[in-house]
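Examination of the molecular architecture
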Amino acid sequence: MSTSATQAPRTDAERMADPNWWRQAAVYQIYPRSFADSNGDGIGDIQGITAKVPYLKELGIDAVWLSPFYPSALADGGYDVDDYRNVDPKLGTLEDFDEMAAALHAAGIKLVADIVPNHSSDRHEWFKEALASPKGSAARERYIFRDGKGENGELPPSDWDSVFGGPVWERITEPDGTPGQWYMHIFAKEQPDFNWDNPEVREDFLKTLRFWSDRGVDGFRIDVAHGMAKDLSEPMPMKADLAARAHGTDGFVDGSHPFWDRDEVHEVYAEWRKLFNEYNPPRTAVAEAWVHESRRARYASPEGLGQAFNFDLLQADFDAPSFRKIITENLIAAKETGASSTWVFSNHDVVRHATRYGLPKGGSVAQGTNAAQDISSTKPKGQDGKGWLLAGAPAEELDVELGLRRARAATLLMLALPGSAYLYQGEELGLREVTEIPDSERQDPSFFRNPGVEIGRDGCRVPLPWTADGPSFGFGQDRAHLPQPEWFARYAVSEQEGVEGSTLEFYRRALRLRSELQADEELEWVETGNQDVLHFSRPGGWDTVTNFGTEPFELPAGTVVVSSGPLEDGLLPADTSAWVVRDA
Ligand code: BGC
């Protein structure tokens, strides 16, 4: 392609050595159990990922973010970690991990590991020791144990709810068999929260971060980064008092919630940053922090984690003014901290965007679902209806074709934005949410803790279809751990490879062009005179136009290098994006 915007291509080695590789990276999230199964046990594994490195290379991503792969009973899909410095035997071995890291690196792809510091699993050695040790012991001090209220300690220490439903406290049986203390778990009861005031906990995580950094992990995604610091001084406020203290739909914006988004958490990250900077290039980190936008910068600061997820587009309707406002505000915020912004439409926790955009209300996460919870629980639950744990969408209201058309348009817009773009496995195939999983096959704890209310997140975690036939559409040699629907056949990699206009070939083309076109992190809006059409320019004459409206729109002069759907008589149709490069 010869255009004014083309950059001199960089070699893989140059990209790998660049300390700023993360700033505009396209990061592909792998949910390991559901990516590729090499040994036929129905669960995706590390060797399965290694075998697909050529696929990842061909896709054109810069980094892989691997969701937890540590030993785990999978009470919460691996976010319940038994041992932070090992690989789940169901997924492979440390040697397999090293081979996978080496294969990714050889392909010029960085590796980001998911770290889960707020809680371990209840099978972690430390938690077992805590249960076997007496009240007040050092072993209990690594977690959060409290006496119950009531005459015999039979009532929980506070009335707070956990994110997955039900109380945040679970009562234990003491080693002598009597009913005992209670421990805190913001998520499932199999996920006891660590006590981050304990220096031993802090030391142990530094050891874990070093362990993986030494093994070649290039960066970390920090799970529930806004949850670790806690103030549980007595009297603990009642949940009704907390709700009353929240600032309307903005929730807690001053760090005064007892366990979400407290300022002390940044002391931990300052320590982590020192460790990250000992490496060359420095290890990167991105915070999963569902906090008010005014608080996000703290997580993204260069003295802290360096980058934070921005879930604003993910929570927005498919609507031009909302998109424009969100993009503008986040680019300003990123500039202020020196970080680059992050963008994401789908991940393992939310209904896939190809489904959200096919629902009547046009894509807001909770629309058409019965989301009951809100992880941005600095807000009183359910207050703004924007959920995190989502139920499956009502299939009968779904417009499949519209959903995919809009999802592709939104993705093309996202891939043109300055900052890093996070993609979730399967979206490059145009997969939508799987709504037809029978209750008996569901796995997500949010389903079990909210009977009849939450369907949970299994619908976006169904193993990928690689081929149109076979017992699990090429995922493995046998049945997959979550049932795959018949319609997966049409979306299989084998059906899309080399097929002009397929979603896979569209992603490949857009990602390849993105790496060629990307330069400075500048973006300029171009006024279109139409409130339903967004147009922005990046340096070097790279223009992106998205038509959120209903009427075809005339594109600016230049070469259309990619569009999310076919043009109509040279015009940009409804629900479509295009990249136009000005002719040299
Ligand atoms: C992860 C979820 C997980 C939760 C508890 C989240 O932020 O993305 O999948 O259930 O943390 O670890």
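Residues numbered from 1 in each chain as written. Predicted model: local features only at pLDDT ≥ 70, side-chain atom pairs only at ≥ 80, totals over all residues. Heavy atoms only, no water.

1. Overview of the domain arrangement of the chain
Rules: Domain segmentation is taken from an automatic or database assignment of domains. Whether two residues are in contact is decided by their heavy atoms: any pair within 4.5 Å suffices. Throughout, the accessible surface (probe 1.4 Å) given up by two parts as they are put together, summed over both, is called the buried area. Salt-bridge detection follows one rule: a side-chain nitrogen of Lys or Arg within 4 Å of a carboxyl oxygen of Asp or Glu. Here a polar contact is taken to be a pair of N or O atoms separated by no more than 3.5 Å, where protein atoms must pair a possible hydrogen donor with a possible acceptor and residues adjacent in sequence count only if both atoms sit in side chains. Only DSSP runs of H or I covering at least 4 residues are called helices, and only runs of E covering at least 2 are called strands; the numbering of each starts at the N terminus.
The domain architecture assigned to the chain consists of domain 1 (12-119 + 199-369 + 399-496) and domain 2 (125-184). Distance between the C-alpha centres of domain 1 and domain 2: 30 Å. On the domain 2 side, the residues contacting the 21 residues of domain 1 number 19 residues. Interface of domain 1 and domain 2: buried area, both sides summed, is about 1700 Å²; carbon and sulfur atoms make up 62% of it. Seen at the junction of domain 1 and domain 2, the total is three salt bridges. A salt bridge links lysine 239 to aspartate 161; its shortest N-O distance comes to 3.0 Å. Where domain 1 meets domain 2, there are five residue pairs in polar contact (both at pLDDT 80 or more). Only α6 (199-214), α7 (239-245) and α13 (445-449) provide two or more residues apiece to the side of domain 1 that touches domain 2.

2. Here's the deal with the site of the ligand
The condition that has to hold: Distances are taken per atom, and a residue is near a molecule or strand as soon as one of its heavy atoms is within 4 Å of it. Each accessible area value is a Shrake-Rupley result obtained with a 1.4 Å probe; residue values ignore everything except the protein chains displayed when judging cover. Under this grouping Gly is polar, as are all residues other than the nonpolar Ala, Val, Leu, Ile, Met, Phe, Trp, Tyr, Cys and Pro and the charged Asp, Glu, Lys and Arg.
For the ligand, the set of nearby residues contains 15 residues, the closest of which are Asp76, Asp223, Glu288, His348 and Asp349. At 3.0 Å from an oxygen atom of the ligand is found a side-chain nitrogen or oxygen belonging to arginine 221. Note that an oxygen atom of the ligand is positioned 2.5 Å from one of the side-chain N or O atoms of glutamate 288. Protein burial of the ligand: of its 310 Å² of free accessible surface, 100% is covered by the chains. In terms of residue class, the shell around the ligand is made up of five nonpolar, three polar and seven charged.

3. Regarding the nonpolar core
Note the cut-off: What makes a nonpolar core is a set of buried Ala, Val, Leu, Ile, Met, Phe, Trp, Tyr and Cys residues whose side-chain atoms join them at distances within 4.5 Å. Buried means the residue's accessible area, taken with a 1.4 Å probe over protein chains only, is under 20% of the maximum for its type, while exposed means over 50%, and partly exposed covers the values in between.
Core analysis: the biggest nonpolar cluster contains 140 residues, and Tyr28, Leu56, Phe69, Tyr269, Trp272, Phe323 and Trp579 have the highest contact counts within it. Split by domain, the residues of this core number at least three in each of domain 1 (12-119 + 199-369 + 399-496) and domain 2 (125-184). Ranked by size, the runner-up nonpolar core spans 19 residues in total, among them Val163, Val168, Ala246 and Trp260.

4. What to know about unusual backbone geometry
Of note, the bond from glutamate 234 into proline 235 is cis; its omega dihedral lies within 30 degrees of zero at -5 degrees. Secondary-structure assignment places proline 235 in the loop between β7 (219-222) and α7. In the Ramachandran plot, leucine 74 falls in the positive-phi region, its phi being about 60 degrees despite a non-glycine side chain. Residue placement: leucine 74 occurs in the loop between β2 (63-66) and α4 (94-106). With a phi close to 55 degrees, aspartate 261 is a non-glycine residue in the positive phi region. Within the secondary structure layout, aspartate 261 lies in the loop between α7 and α8 (265-276). For aspartate 261, a relative accessible area of 1% translates into the label buried.

5. Quick word on the sheet that holds strand β5 (residues 169-173)
Selection criterion: Any two strands with at least two DSSP bridges between them are considered paired.
Reading across from one edge, β4-β6-β5 is the order of the three strands in this open sheet, with antiparallel pairing throughout. The open sheet has two edge strands, β4 (145-146) and β5, and neither has a second partner. Taken together, the two bridges between β4 and strand β6 (residues 179-184) define a ladder with antiparallel strand orientation. Within the sheet, the bridge partner assigned to arginine 146 lies in β6 and is tryptophan 182.

6. Thoughts on the side chain of glutamate 427
Using the following cut-off: We count Lys and Arg on the positive side and Asp and Glu on the negative side, and we leave His and both chain ends out.
Among the structural elements, glutamate 427 can be located in the loop between β11 (420-424) and α13. Buried within the structure, glutamate 427 lacks any salt-bridge partner; its nearest side chain of opposite charge belongs to arginine 352, at an N-O separation of 5.9 Å. Polar side-chain contacts of glutamate 427 include one of 2.7 Å to the side chain of tyrosine 507. Not counting residues up to four positions away in its chain, the partners in contact with glutamate 427 are Ser346, Arg352, His353, Thr411, Tyr422, Thr503 and Tyr507.

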